[in-house]
Amino acid sequence: MSTATKPNHIGRKISRIRELKDMKQEALAQALGTNQQAISAIENSETIDDAKLFDIAKALGVSVDAIKNFTEENMINYFNNFYDNSSSSGVNGMFSPSHCTFNPIDKVVELYERLVLAEKEKNEYLEKLLKEK
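On a predicted model such as this, the values are computed, not experimentally measured, just so you know.

**Observations concerning the overall build of the chain**
Reasoning step 1: Assigned secondary structure in the chain consists of seven helices and zero strands.
Reasoning step 2: Overall, the chain shows an N-to-C arrangement of helices and strands of α-α-α-α-α-α-α.
Reasoning step 3: Looking at the chain residue by residue over its 133 residues, the buried ones come to 30%.
Reasoning step 4: Taking as baseline every contact in the chain between residues at least 6 positions apart, the subset at least 24 positions apart corresponds to 61%.

**What about the side chain of Gln 25?**
Reasoning step 1: Examined against the element boundaries, Gln 25 turns out to sit in helix 2 (residues 25–32).
Reasoning step 2: Apart from the residues lying within four places of it in its own chain, the contact partners of Gln 25 are Arg 18, Gln 36, Ile 39, Ser 40 and Glu 43.

**Thoughts on the pattern of salt bridges**
Reasoning step 1: The tally for this structure, following the rule as stated, stands at five salt bridges.
Reasoning step 2: As a salt-bridge pair, Glu 19 and Arg 16 come within 3.4 Å of each other at their nearest N and O atoms. Taken as a pair, Glu 19 and Arg 16 lie in helix 1 (residues 10–20) at a separation of three residues, close to a single helical turn.
Reasoning step 3: On the basis of relative accessibility, which here comes to 27%, the residue Glu 19 falls in the partly exposed class.
Reasoning step 4: In this structure Arg 16 comes out as buried when scored by relative accessible area, which is 15%.
Reasoning step 5: Close ionic contact of Glu 119 with Lys 122 constitutes a salt bridge, the shortest N to O distance being 3.4 Å.

**Quick notes on the packing of helix 2 against helix 4 (residues 50–60)**
Reasoning step 1: Their axes nearest at 10 Å, the elements helix 2 and helix 4 cross at an angle of 115°. Both helix 2 and helix 4 take part in a crossing whose hand is right-handed. Where helix 2 approaches helix 4, its residues Leu 28, Ala 31 and Leu 32 are matched on the opposing element by Asp 55, Ile 56, Ala 59 and Leu 60.
Reasoning step 2: Per-class residue counts for the contact of helix 2 with helix 4 are six nonpolar, no polar and one charged.

Reading the values: rules and limits
Residues numbered from 1 in each chain as written. Predicted model: local features only at pLDDT ≥ 70, side-chain atom pairs only at ≥ 80, totals over all residues. Heavy atoms only, no water. Helix = DSSP H or I, 4+ residues; strand = E, 2+ residues; numbered from the N terminus. Buried < 20%, exposed > 50% of the residue type's maximum accessible area, 1.4 Å probe, protein only. Contact = heavy atoms within 4.5 Å. Salt bridge = Lys/Arg side-chain N within 4 Å of Asp/Glu carboxyl O. Axes fitted to C-alpha atoms, helices over the stretch in contact; angles between N-to-C directions. Left-handed = near helix turned anticlockwise from the far one by under 90°. Nonpolar A, V, L, I, M, F, W, Y, C, P; charged D, E, K, R; others polar.

Structure (structure tokens):
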């Protein structure tokens with residue numbers, strides 16, 4: 001059973017960009033005039049209509065192309081070139097160095113640390129369940 005994400009899963013791309021911008025679902029929902037459950041449904045959708053995608057891109061402060069073309073590989077390339085090319089507009093216009101108010105590498109590290117912690121907690125919980133049986 002594969003848990004790999006489909007490369008064109010637009011909802012997952014929106015989720016990753018939102019996380020990298022340190023934005024909660026509630027904040028995105030408020031910017032779009034909807035609720036957190038609607039954002040969760042969007043992030044679980046493989047496709048989104050263009051009008052809604054435009055609104056989401058605007059709320060996230062990125063271009064529609066940045067969402068459509070977002071990949072982890074692009075992010076790695078962006079980070080590798082971040083300090084080398086200060087006049088770059090980033091990955092498909094996603095970030096502009098003059099508007100970047102956080103260190104993107106720190107955000108990636110923070111995200112992975114949270115993922116590792118979540119996995120540890122899940123393992124502890126599963127081990128507890130196994131001991132009870």
